[in-house]
Amino acid sequence: MNPLALTIFLLSLAIGTTITLSSFHWLLAWIGLEINTLAIIPLMTKTPHPRAIEAATKYFLTQAAASALILFSSLINAWQTGEWNINSLTDLPMNALSIAIMMKLGLAPLHFWMPEVLQGISLPTGLILSTWQKIAPMTLLLQTSHLLNLNLTIALGLTSILIGGWGGISQTQIRKIMAFSSIGHLGWIVVILKFNPLLSLFNFMLYIIMTTAMFMALIAMSTTKMSQISTSWSKTPALSASTMLVMLSLAGLPPLTGFAPKLLITLELVKQNATLLASMIMLISLLALFFYLRLTYIITLTLPPNTPNSLLIWRTPSKSLPPTAIMNILALTLLPLA
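Residues numbered from 1 in each chain as written. Predicted model: local features only at pLDDT ≥ 70, side-chain atom pairs only at ≥ 80, totals over all residues. Heavy atoms only, no water.

Another aspect to go through is the packing of aromatic side chains. Summed over all chains, the structure comprises three aromatic pairs. Centre to centre, the rings of Phe204 and Tyr207 are 6.2 Å apart; their planes meet at 25 degrees, and the pair counts as stacked. Of this pair, Phe204 and Tyr207 both sit in helix α10 (residues 197-221), three residues apart, which is roughly one turn of the helix. Relative to Tyr292, the ring of Phe291 lies with its centre 4.8 Å away and its plane at 40 degrees, an arrangement referred to as tilted. Here Phe291 matches Tyr292 in class, with each residue buried. (Phe/Tyr/Trp six-rings, centres within 6.5 Å; stacked < 30°, edge-to-face > 60°. Helix = DSSP H or I, 4+ residues; strand = E, 2+ residues; numbered from the N terminus. Buried < 20%, exposed > 50% of the residue type's maximum accessible area, 1.4 Å probe, protein only.)

A separate point is the nonpolar core. Counting residues in hydrophobic clusters, the biggest one holds 56 residues, and the most contacted among them are Ile40, Met44, Tyr59, Leu129, Met178 and Ile229. For this core, the element with the highest residue contribution is α10, accounting for 10 residues. For Met44, the contacting residues outside a window of four places in its chain are Ala52, Ala56, Tyr59, Val117, Ile121, Thr125 and Leu129. Residues Leu105, Leu156, Val190 and Tyr207 belong to the second largest nonpolar core, which totals 28 residues. (Core = buried A, V, L, I, M, F, W, Y, C linked by side-chain atoms within 4.5 Å. Contact = heavy atoms within 4.5 Å.)

The next point concerns the side chain of Thr266. Take Thr266: it is sitting in helix α13 (residues 259-271). Judged by relative accessible area, Thr266 falls into the buried class, the value being 13%. Other than its neighbours up to four places away in sequence, Thr266 contacts Trp188, Ala278 and Met282.

Next up, the structure:
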């Protein structure tokens, strides 16, 4: 892609997110979300492959439907209350709005577009879709967290954790696994959203750090399938070892960074007398732990046939190494440092 065009699209992404973050009016928030959606579609189709075109089409249709629902419910709310203020919402528009925003985020059961879209696009665009694109809708949810319907958030959060674990087990494509991982993590974030919005924000920030580290490692190793990951150890042992630890961090194993949000969310739920809910989400997240452990097993404990030690190739693209190393350190050591 032309560097000028790429710069324009990335700037549009930044501007769209900034507009939504700084808006106090539903129309402005909607405009920011639309700029975000329209800026990422050319990035998805920069490799003119049928899968990429299909992914961009699916993404556009679902995001357009969610945006229409946001506009419709904020219009109904303005009709009822006479205000476009983000915080002045009545019950019915609030439920419709939160469902539309969760559809934009890719929470279950509105998640069907997410694995398909992520599978059809390149890893760098997948990184933007999994992290940057979620900032604006998540901010809107955080701003309206005190108005959310508790039963709705818990139901969607639980469903997302379940689908995120269950869906990832049967996958061999790493991008689809990352999509289901994203759905599961967003489930954890949404479950606690009504109880403690600050904890949700903390969890979301750590999710962005860990997902960025994982995608950057995959980009550096140029791997998109499990079969490619199994041969990565003989090519880049150091990067493979750190990627394995990032996967365990995403799984939430102590003493890595990913353990912090799970521990704090469980403690908060127990404090709120929701012990049964805390037990359920911990049990369900064992499903996700299974596929992360399977990935770590494949990346570290399997060696491809016919690779004598004398022919090991120690190579990693030098440009991508420093940022990947920084993100890996953040994704692994934030809990011990704290």
